[in-house]
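In case you want the letters, here they are:
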Amino acid sequence: MTHKNAPYALLFILFTFWTGTTTAQKDSTVLDVKLMDSLFEKSYNLFSEGNYVKSFEINLRTLKLALLVKDDLYASRAYGYLGYDYLNQGDTIEALKNFKLAHDIAKELNDPTILANTYGDLSSIYSLNPKTQNLAREFTLKAIETYKATNDTLGLQYIYHNYADALNDSGRFTEMKLVIDKLNGAMFEKYDEPLYRSSINNMTANYYFHSGDYKKTDSLLLAAISLSKDLGFNDELQRSYELFSLSLTAQEKYKEAYETRLKYENVFKLRAKEKAAIENNRLAAAYKNDQFKKDLEKSEAESELQEKQIRTKTAFNYALICITVIAFLGLYFTFKLSKKRKQLNKALKDKNTQYLNQKTKTEQLALAKSDFFSTVSHELRTPLYGVIGLSTILLENNKEKDVEDDLKSLKFSADYLLALVNDVLQINKIDSDKIDDEEVQFNPRELIEKIVTTFEYMRRQNKNNIAIHLADDLPALVKGNATRLSQILMNLIGNASKFTENGLIEITVTTHLLPDNNIKLGFSIKDDGEGIAQDKKEHIFEEFKQGDSLSYNYQGTGLGLPIVKRLLNLSGSDINLETELGRGSTFSFDLIYEIVAHVNKQEHLSKNSYVVDTDILKNKHILIAEDNRINQMVTKKILEKDGAICTIVENGKEAINSVEHNTYDLILMDVNMPVMNGLDATKIIKKTYNTPIIALTAVEIAEMRQSILDSGMDDIIIKPYDVKVFKNVIINNILAKQIESL
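Rules used in this analysis
- Residues numbered from 1 in each chain as written.
- Predicted model: local features only at pLDDT ≥ 70, side-chain atom pairs only at ≥ 80, totals over all residues.
- Heavy atoms only, no water.
- Helix = DSSP H or I, 4+ residues; strand = E, 2+ residues; numbered from the N terminus.
- Buried < 20%, exposed > 50% of the residue type's maximum accessible area, 1.4 Å probe, protein only.
- Contact = heavy atoms within 4.5 Å.
- Areas by Shrake-Rupley, 256 points an atom, 1.4 Å probe, with all protein chains shown as cover.
- Phe/Tyr/Trp six-rings, centres within 6.5 Å; stacked < 30°, edge-to-face > 60°.
- Lys NZ or Arg CZ within 6 Å of the ring centre and 35° of its normal.
- Core = buried A, V, L, I, M, F, W, Y, C linked by side-chain atoms within 4.5 Å.
- Axes fitted to C-alpha atoms, helices over the stretch in contact; angles between N-to-C directions.
- Parallel < 35°, antiparallel > 145°, perpendicular 65-115°, else oblique.
- Left-handed = near helix turned anticlockwise from the far one by under 90°.
- Nonpolar A, V, L, I, M, F, W, Y, C, P; charged D, E, K, R; others polar.
- Expected span 1.5 Å × (residues − 1).
- Pairing = 2+ DSSP bridges.
- Right-handed = clockwise from strand over helix to strand, strands pointing away.
- Polar contact = N/O pair within 3.5 Å; in protein donor to acceptor, adjacent residues only side chain to side chain.

Focus: the overall build of the protein chain
Part 1 of the argument: For the protein chain, the count of helices and strands is 26 helices and 12 strands.
Part 2 of the argument: When burial is assessed residue by residue, the protein chain has 44% of its 742 residues classed as buried.
Part 3 of the argument: By sequence separation, contacts in the protein chain at least 24 residues apart represent 70% of the contacts at least 6 residues apart.
Part 4 of the argument: Of the accessible surface of the protein chain, which amounts to about 40,300 Å², a share of 53% is contributed by carbon and sulfur atoms.

Here it is, written out as structure tokens:
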């Protein structure tokens, strides 16, 4: 029933499955990548079959090849495999040595995926010794952190499983259940391997057995028994029968307990035979260890000698090249230095000086423009935070119907003003080459539906209908610039919503498959509004220009369509327009994305929209560091409505003093404050306390992100913000802190 009784083969199989899916593809003209991968696969199969001698020989061969051509990636992986070979033979000293070698190489490679793998190996071996449990926990947490950072779901599943197993061994069942709940979460639904499921069911059953809930214990054990019998997981089957007999005994079902105990003993005998065969193989492997070790030490010595020779030869070549270059340059300048050359050089220097002076002036003007927009952004967003926040609070608390429309108009006007500010800043970012080009995985269907919901108030105001037509084969997940697509669609749908009344707006997405797992998505936004005159079509894509409008109600900066055109040009595409005055307009464009996951209609139909659980905020102590009195009041009211207990300070120095004398679940830290700013205050607080700190800033995030993260802040919220997003960020950081403290 303990971790020590589980065979090391389970650790190796899980390790191999996970590392096999995360190995980077290496373009090498020296090392045969296919050969190396096939050797690792063969080693894994032999290990699974109990042929440890052959497995050890193959792993040694792969290590020799990797050392010969100095391929650190495969060398690290080979050391990891050898570590499990030694571990299986009971030689924990050699196993730890090889795991450490794999870890040292991974640190030099600076590859987070490989480094996370070695963290997992070290946590596994340290968890076997009661005296090194703290080290096992330390490496486990490092592995979890690195897998999260690289979005490695399989790696997270592997380390969570090992962590849960270690907690189960030490009798810390409550903590184990929290980790098991993660393994049963939505993140790992697609990776529910039978071996994991059988092991997880056994550990969960052990939790409920010690909690006295025998009904859940028996249900989980029966599922584990069925799965283990069908797939031949005898070790897990043995564990299931043993716990099941104990559960039945505790329920005084002695006859069934006796029958189950007999089944346990039968499996135990079978496992004893298997272990005897395995032990023979282990002894055979151990017998050949001395020769293998000598071969390995010889290969490592040869590799080190070869590397030393290469370094010596390279240094000599560099020295020879430097001497040759210096001699050549000396001859060149001797023959070329003349009076005419001096005159030409002087004229060229004069021209360069003039150019540099003009260049400096241009750069100063561009910098002044950028600084102006950043300052205006902050100065406008700070009061807008108060207006939008107060109007939101008033709308939520309002019970009088006769002022509801006035409040909605107030909030709409504030949101509209914020949109104008963002448009101007977006044009400035494009001009300054500061536009974000980050590619992420996203669901295009969900993205479009969320964008459409943001125009609900405008749709009702203009009495329009919005129809969405998506291709049946639209992928469930693609990779690309989701932020840029959102900005393009927001501007086009917003433009159609403004210029259409009592009409229909249709959003259509078509698909066209391309080679190399790519897909071209065709987007079309059609309205039956007033349309655009033919002589105005070319001008509407110019900044601060609008087509003729029959109504003064259609207002704006005239930046929406220019932003769309520029963003599409940055993506290698262009905007197409079909329009007729009085009969509406159709804007269309194409973008190419990489397919990550194909469409799953059933999953889409059953998927519920995300709801923020604000109950988590109840009785949570939150420190608000903010110098603006109105912003203080707005933030406090938003949080106290859900039961949070808020404390307000007006600068970073007061925040430090308050943290030293009180305990907080989270800190909201304004970046720009008098006396001491939020960045300096955070650096001081984080030296002693691990309280989550979220930055509040009205400055563009691209300008402040690195400074904010370097200070130690855990997250960022831009003012003014959407209330639901604001609460969601706070709740996620509180939950993350609770999980980290497990």
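Brief notes about the packing of aromatic side chains
Part 1 of the argument: For the structure shown, the criterion picks out 10 aromatic pairs.
Part 2 of the argument: Pairing Y126 with F139 gives two aromatic rings, centres 5.7 Å apart and planes at 15 degrees, and the pair type is stacked. A residue pair is termed long-range when its members are at least 10 positions apart, and Y126 in helix α6 (residues 112-126) and F139 in helix α7 (residues 133-149) qualify at 13 residues.
Part 3 of the argument: Note on Y126: relative accessible area 11%, which makes it buried.
Part 4 of the argument: Through a chain of ring-to-ring contacts, the aromatic side chains of F40, Y74 and Y81 assemble into a single cluster.
Part 5 of the argument: Taking NZ or CZ as reference, R77 lies 4.3 Å from the ring centre of F40, over its face.

Some points on the nonpolar core
Part 1 of the argument: Ranked by size, the top nonpolar core spans 66 residues in total, and within it L63, Y74, Y147, Y160, M176 and I180 carry the most contacts.
Part 2 of the argument: Sorting elements by how many residues they give to this core places helix α4 (residues 72-88) first, with 10 residues.
Part 3 of the argument: With residues up to four places along the chain from it excluded, the contact list for Y160 reads I144, K148, V179, K182, L183 and F188.

Quick notes on the environment of K463
Part 1 of the argument: Along the chain, K463 falls in the loop between α18 (456-461) and β2 (465-470).
Part 2 of the argument: Residue K463 is classed as exposed on the basis of its relative accessible area of 61%.
Part 3 of the argument: Through-space distance from the C-alpha of K463 to that of E501 is 6.1 Å; in sequence the pair is 38 residues apart.

Some details on the packing of α4 against helix α5 (residues 92-109)
Part 1 of the argument: Taken N-terminus to C-terminus, the directions of α4 and α5 make an angle of 160 degrees; their axes are 8 Å apart at the nearest point. For the element pair α4 / α5, the angle class is roughly antiparallel. Judged by the twist between their axes, the crossing of α4 over α5 is left-handed. Two secondary-structure elements touch here, α4 through D72, L73, A75, S76, Y79, G80, L82, G83, Y84, Y86 and L87 and α5 through T92, E94, A95, N98, F99, L101, A102, I105, A106 and L109.
Part 2 of the argument: Partitioned by chemical class, the residues of the contact of α4 with α5 number 14 nonpolar, five polar and two charged.

A look at helix α3 (residues 52-69)
Part 1 of the argument: Look at α3: 26 Å from first C-alpha to last across 18 residues, which is about the 26 Å you get at 1.5 Å a residue.
Part 2 of the argument: Buried within α3 we find Y52, V53, S55, F56, I58, N59, L60, T62, L63, A66 and L67.
Part 3 of the argument: One or two steps after α3, the chain reaches K70, where phi turns positive at roughly 60 degrees.

Concerning the pairing of strand β6 (residues 576-579)
Every other side chain in a regular strand lies on the same face of the sheet, so the side chains alternate between the two faces.
Part 1 of the argument: Side chains L577 and T579 project from β6 onto a buried face, and the interleaved N576 and E578 project onto a face without burial.
Part 2 of the argument: For β6 and strand β7 (residues 585-597), the ladder comprises four bridges, and the chain directions are antiparallel. When the sheet's bridge partners are listed, L577 is paired in β7 with F587.
Part 3 of the argument: The turn joining β6 and β7, which pair antiparallel and follow one another in sequence, is formed by five residues; a positive phi near 85 degrees is taken by G582.

Points about the side chain of N202
Part 1 of the argument: With respect to the helices and strands, N202 occurs in helix α10 (residues 194-211).
Part 2 of the argument: Setting aside anything within four residues of it in sequence, one finds N202 in contact with L221, A224, E236, R239, S240 and L243.

Thoughts on unusual backbone geometry
Part 1 of the argument: The backbone of K463 shows a phi angle near 55 degrees, a positive value even though the residue is not glycine.
Part 2 of the argument: A positive phi angle, close to 70 degrees, is found at V675, a residue other than glycine.
Part 3 of the argument: Tracing the backbone through its elements, the reader meets V675 in the loop between β10 (666-670) and α24 (678-688).

A word on the pairing of strand β8 (residues 621-625)
Part 1 of the argument: Counted residue by residue, β8 has four buried out of five residues, so it is predominantly covered.
Part 2 of the argument: Judged from the five bridges that link them, β8 and strand β9 (residues 645-649) form a sheet pairing that is parallel. Its bridge partner being in β9, L623 is matched across the sheet by T647.
Part 3 of the argument: The parallel pair β8 and β9, bridged by helix α22 (residues 629-640), forms a crossover whose chirality is right-handed.
Part 4 of the argument: In this structure, β8 lies alongside β10, joined through four bridges in parallel fashion. Across the sheet, residue A625 finds its bridge partner in β10, namely M669.

What to know about the side chain of D642
Part 1 of the argument: Structurally, D642 can be placed in the loop between α22 and β9.
Part 2 of the argument: Among the polar contacts listed, one links the side chain of D642 to the side chain of T614, at a separation of 3.5 Å.
Part 3 of the argument: At 2.6 Å, the side chain of D642 forms a polar contact with the side chain of K727.
Part 4 of the argument: Each residue touching D642, except ones within four places of it in the same chain, is listed here: T614, L617, K618 and K727.

Concerning the packing of α22 against helix α26 (residues 723-740)
Part 1 of the argument: Remark: α22 packs on α26, axes separated minimally by 11 Å, with the N-to-C direction vectors making an angle of 70 degrees. Regarding the angle of α22 to α26, the classification is roughly perpendicular. In this structure, α22 uses T635, I638 and L639 to contact α26, whose residues at the interface are V723, F726, K727 and I730.

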